[in-house]
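What the coordinates show
Given next are the chains, with one letter for each unit.
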Amino acid sequence: MEYIVFDLEFNQDFSLPESRKVCRSCFEIIQIGAVRLDRDLKETGTFRRFVKPVIYPEINPFVTELTGITTKQLDSEETFPEVFREFAGFAEGGESVFCIWGMADMKELFRNIEFHKLDPKLLSKRYINLQPYAALHFKLSQKRLLKLKTTVELLDIPLVYGFHDALSDALYTAEIFRRINRDSIHSRRYDPDKDSIRPRQSRQLVDFSRLVRQFEKMYSRKLTEEEQAMIRLAYQMGKTGQFLK
């Protein structure tokens, strides 16, 4: 049995209202990084590919600031179907177990597969989410989900790479796996059908016009279009959960 520790970087146009988004429930993958480990958790290979976006062709400035990835940089890359087939080959089919830091990467991987009408059977459905196990390692509640960087620092793992690069984050996750590995860590089976990209029937929508009026009332002036866009962006970024303490 082999383990595939992988990480993804995403893009989405946060400024678009939900009704205008091509894929309302998914973030578009723009980078895949992975480390292959054998049963003894020794590294046997790495994978790092950028992906040319087609759902949201322009990289959001926030994503560029976070990852360093630009629209121009991705222009010459392959689109997701081509990169996915390479990744599936690297992952070696259904016998491996995916290792991830949080469920978002697993969900978005299969949502992108569904959006592009690719074959999900090319990948294993077995996975280990290491994030709650890291909390247990430090005798915290499994609900206390630690950030990757925080865990790296707590385990005194050398900061050899930057963060928010898919391969770098996968390498850090692999090292965390080695350090907290125990008999109680078991894989689970992921069911993509429970996280379909089909829009949910009931969802709450924010009245942004009303929200803007409230800000204008608080500051006793008219907000500029740039300020209104920043408010919308801040709300959408907050929904991703990336800034939870």
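Presented here is an overview of the structure given in this document. This is a predicted model, so every value here is computed, not measured.

A separate point is the pairing of strand β4 (residues 97-100). The side chains of a regular strand alternate, residue by residue, between the two faces of the sheet. Here β4 shows a buried face lined by V97 and C99 and a second buried face lined by F98 and I100. Across 3 bridges, strand β1 (residues 3-11) lies against β4 in parallel orientation. If you follow I4 over to β4, its bridge partner there is F98. Strand direction decides the pairing type here: β4 and strand β5 (residues 126-129), joined by 3 bridges, are parallel. By the bridge assignment, I100 is partnered in β5 with N129. Crossover handedness for the path β4 to helix α4 (residues 104-115) to β5: right-handed.

Another point: the packing of helix α5 (residues 130-137) against helix α7 (residues 166-180). Two quantities define a packed helix pair, namely the angle between the helix axes and the distance between the axes. In the contact formed by α5 and α7, the axes pass within 11 Å of each other and the chain directions differ by 45 degrees. The orientation of α5 relative to α7 falls into the category oblique. Two packed elements cross with a definite hand, and for α5 against α7 that hand is left-handed. In contact with L130, Y133, A134 and H137 of α5, α7 contributes T173, F177, R179 and I180. Among the residues forming the contact of α5 with α7, the class breakdown is 5 nonpolar, 2 polar and 1 charged.

Most of α5 is tucked away, with 6 of its 8 residues classed as buried. Those residues of α5 that sit buried are L130, Q131, P132, Y133, A134 and A135. A distance of 3.2 Å separates the backbone nitrogen of Q131 from a side-chain oxygen at the start of α5, and that oxygen is part of N129. Directly after α5, the chain includes K139, whose backbone phi takes a positive value near 60 degrees.

Take the packing of aromatic side chains next. Geometry of an aromatic ring pair is reported as the spacing of the ring centres plus the angle between the planes. Tallying each qualifying case throughout the model produces 13 aromatic pairs. Considering the side-chain rings of Y3 and F177, the 5.2 Å spacing of their centres and the 85 degrees angle between planes classify their relative orientation as edge-to-face. One end of the pair, Y3, is in strand β1; the other, F177, is in helix α7, and 174 residues separate them in sequence. Look at F177 and you get buried, because its relative accessible area is 1%.

So, about the sheet that holds strand β3 (residues 43-50). Taken in spatial order, the 6 strands line up as β3-β2-β1-β4-β5-β6 in an open sheet, and their pairing is mixed. Every other strand in the sheet has two partners, leaving β3 and β6 (188-189) as the edge strands with one partner each. Contacting β1, β2 (28-37), β4 and β5, α4 crosses the sheet at an angle of about 75 degrees to β1. In this fold α7 packs onto β1, β2, β3, β4 and β5, with an angle of close to 35 degrees to the strand it touches most, β2.

As a further point, take unusual backbone geometry. One non-glycine residue, D156, adopts positive backbone phi at about 55 degrees. Assignment of secondary structure puts D156 in the loop between α6 (148-154) and α7.

Within the secondary structure, N129 is located in strand β5. Sequence separation between N129 and I185 is 56 residues, and the spatial gap between their C-alpha atoms is 9.2 Å. When near neighbours in sequence (up to four residues on either side) are disregarded, N129 contacts I100, W101, G102 and M103. Of note is the side chain of N129, whose polar atom sits 2.9 Å from the backbone nitrogen of G102. Among the polar contacts listed, one links the side chain of N129 to the backbone nitrogen of Q131, at a separation of 3.2 Å.

Thresholds, definitions, all that
Residues numbered from 1 in each chain as written. Predicted model: local features only at pLDDT ≥ 70, side-chain atom pairs only at ≥ 80, totals over all residues. Heavy atoms only, no water. Buried < 20%, exposed > 50% of the residue type's maximum accessible area, 1.4 Å probe, protein only. Helix = DSSP H or I, 4+ residues; strand = E, 2+ residues; numbered from the N terminus. Pairing = 2+ DSSP bridges. Right-handed = clockwise from strand over helix to strand, strands pointing away. Axes fitted to C-alpha atoms, helices over the stretch in contact; angles between N-to-C directions. Parallel < 35°, antiparallel > 145°, perpendicular 65-115°, else oblique. Left-handed = near helix turned anticlockwise from the far one by under 90°. Contact = heavy atoms within 4.5 Å. Nonpolar A, V, L, I, M, F, W, Y, C, P; charged D, E, K, R; others polar. Polar contact = N/O pair within 3.5 Å; in protein donor to acceptor, adjacent residues only side chain to side chain. Phe/Tyr/Trp six-rings, centres within 6.5 Å; stacked < 30°, edge-to-face > 60°.

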